[in-house]
Amino acid sequence: MTYAITQTCCNDATCVAVCPVNCIHPTPGEPAFGTTDMLYIDPRACIDCGACADACPVDAIFPADALTGAHRDFADVNAAYYEGTPEPPADTGPNFHPWGAPRFERALPADFAPVRVAVVGTGPAGMYAAEDLLLHTNAEVTLVDRLPVAGGLVRYGVAPDHPGTKRIGDAFARFHSHPRVRMHLGLDVGRDITAEELAAHHHAVVYAVGASTGRRLGIPGEDLPGSLSATTFVAWYNAHPDVAADAVRPAGGRVVVVGTGNVALDIARILVSDPDALAAGTDIAGHALGALRAAGVREVVLLGRRGPGDAAYTPSELRALKHLDGVELVVDDHDPRVGAAIDAAGPSDKAALLADVTRERTDWSGPPAPGLGRRIVLRFHSAPLEILGGDAVTAVRVTGRQAEATIPAGTVVRAVGYRGVPVAGLPFDDATGTVPHDAGRVRDRPGTYVVGWIKRGPSGGIGTNRTCAAETVGTLLADAVAGVLPEPARSAKDFRRLVRRRVRGVVDARGLARIERAELAGGRREGRPRVKLATVEELRATARRVLPAPRA
């Protein structure tokens, strides 16, 4: 039986590298790589070896005949990707992979002195860059993060009910205690030390600081209490120290989420999920769990400016939403263009995924009807015009084909994209929210590089950062070989002394391990996978404390 890739695919192509028969596509060398929402196994070529499943960092690959529930459709999804493509080569041997000559694009000469590189940010972009440097060179890497815990987007951006996706963090964690790695967590470049001081102690600095703010709608009422950005909401339910436990209070039976991207779907899914299921199977913040229990949200409305064929979510995420236990998915049939687009969609069109979803003209004159269960309503061809309310949000006025509509709601979340913010000491393009660069090399800043969303803008998932990091690291190493990297004025020991003078409580690899043990122990006590520490003070105190060894 063949294997199939499922929804949690991270696109980092680890599986491609281990497949002996080249049955996983698109590969990093193919044009479609980075534009498809996931990778696909060709069932005609798969030899059922399981190498891809063993290598997958997010447990997204399973035998096709073992798929159940929401994953059952993915056997057909994988096969459909190859419809109309040529048959694989005839099996003339155990391996018909068209291997080429080995290439070592990101390596330094064997006699090259170690390069000292600082990586600012410990999310996927920063860790893929660190991994590349550690596996392919003799570089010494300094990991820096402004928070006293590592993880970045994996810890604070991935929805808590996607534990498979979060497992990519385990792959990164093996480098936290690497002998050529020094870790300084809770060190803010720009506040605690300057970019110039960091550069003075390293040959190169790679900034992987992401895109930390949400785009605004630019409509009246956007700043009312109860109106917030997706960045705030996601950080809140993921126990991010920057967002207080009481910063979000979902109110009323209905929440409006502006946007139809994957983050919007994450928020909708968390809002209407069974709190008991979230408690048992996820690492959602305890304060968020309590607030969701109290709020009792029964309906989430997702507003999309365009039609169902242009929705920003990926097909795999919508498929998962259709299988959400105890939750009905509905399309608001307020505009004839919506149904027409769904009915006319071809098998490979995004709108076709909604063919079996209930369509109805929704009555927005009041709160959700008492007899309705929990549900998510997709309202396409509708944009917010104004958020209404006095001391707090009470409704949203939106566009419609025939007339405007007013949707009563106690909470509005704008999920219309992320945006980078200026990095202290670096140039910044305000139009794109990125640092100007050439293949990762920051312009007019020798020895300074960028990777991830601050480099390319907020596009692509976790795995996209792997190829992004490969480009940046390749540029850095080319500069090293060319002799254009600045020579550090101070030593690595000098940097450690500087950090100790500037900041008390900086967390190293041993402190990070203590945090990990404490959170897992908290989970065991409460019958959960993990209980996250939610404040800087808790994280730093735990990193310093020596905990008793777990019982055998």
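Right above here is the structure, for reference.
Residues numbered from 1 in each chain as written. Predicted model: local features only at pLDDT ≥ 70, side-chain atom pairs only at ≥ 80, totals over all residues. Heavy atoms only, no water.

Okay, the packing of aromatic side chains next. Aromatic ring pairs: the centre-centre distance and the angle between the two ring planes describe each pair. Overall, the coordinates contain six aromatic pairs when judged by the stated rule. For the pair Phe-233 and Tyr-237, a centre-to-centre distance of 5.7 Å together with 85 degrees between the ring planes defines the contact as edge-to-face. Within this pair, Phe-233 and its partner Tyr-237 are both found in helix H9 (residues 230-237), separated by four residues, close to a single helical turn. On the accessibility criterion, Tyr-237 (0% relative accessible area) is buried. A ring pair is formed by Tyr-418 and Trp-453, whose centres lie 5.6 Å apart and whose planes are at 55 degrees; its orientation type is tilted. On the criterion of sequence distance, the pair formed by Tyr-418 in strand S20 (residues 418-419) and Trp-453 in helix H15 (residues 453-456) is long-range, its members being 35 residues apart. With respect to class, Tyr-418 is no different from Trp-453; both count as buried. An aromatic cluster is built from Tyr-40, Tyr-81 and Tyr-82, whose rings are joined through pairwise contacts. (Phe/Tyr/Trp six-rings, centres within 6.5 Å; stacked < 30°, edge-to-face > 60°. Helix = DSSP H or I, 4+ residues; strand = E, 2+ residues; numbered from the N terminus. Buried < 20%, exposed > 50% of the residue type's maximum accessible area, 1.4 Å probe, protein only.)

Here we take up the sheet that holds strand S16 (residues 384-389). Strand order in this open sheet of three strands is S16-S17-S18, and the pairing throughout is antiparallel. Pairing within the sheet leaves two strands with one partner each, and these edge strands are S16 and strand S18 (405-408). If you compare each strand with its neighbour and ignore which way they point, the axes differ by 25 degrees on average. Strand direction decides the pairing type here: S16 and strand S17 (residues 393-398), joined by five bridges, are antiparallel. Bridge pairing in S17 links Leu-388 to Ala-395. (Pairing = 2+ DSSP bridges. Axes fitted to C-alpha atoms, helices over the stretch in contact; angles between N-to-C directions.)

Here we take up the state of the cysteines. Taken as a whole, this structure holds zero disulfides when the rule is applied. Here Cys-23 is not cross-linked by a disulfide; its sulfur's nearest cysteine counterpart is in Cys-19, at 3.6 Å. Residue class for Cys-23 comes out buried when judged on its relative accessible area of 4%. (Disulfide = S-S within 2.5 Å.)

Let's shift gears to the environment of Ser-212. Tracing the backbone through its elements, the reader meets Ser-212 in the loop between strand S8 (204-207) and strand S9 (213-214). Put simply, Ser-212 and Ala-113 are 99 residues apart on the chain and 36 Å apart in space, counted from C-alpha to C-alpha. With residues near it in sequence (within four places) discarded, Ser-212 still touches Thr-231, Arg-419, Gly-420 and Val-421. (Contact = heavy atoms within 4.5 Å.)

Of all hydrophobic cores here, the largest spans 75 residues; its most connected members are Ile-24, Leu-39, Ile-41 and Ile-61. In terms of residues, this core owes the most to one element, helix H4 (residues 124-136), which gives seven residues. By size, the runner-up hydrophobic cluster in this structure holds 54 residues, among which are Tyr-237, Leu-278, Ile-376 and Phe-380. (Core = buried A, V, L, I, M, F, W, Y, C linked by side-chain atoms within 4.5 Å.)

A word on the sheet that holds strand S10 (residues 227-229). Taken together, seven strands build an open sheet; the order of strands is S10-S19-S11-S12-S15-S13-S14 and the sheet is parallel. Strand pairing shows two members of the sheet lacking a second neighbour, S10 and strand S14 (358-360), which therefore form its edges. The average undirected angle you get between the axes of adjacent strands in this sheet is 25 degrees. Lying over the sheet, H9 contacts S10 and strand S19 (411-414), oriented at roughly 80 degrees with respect to S10.

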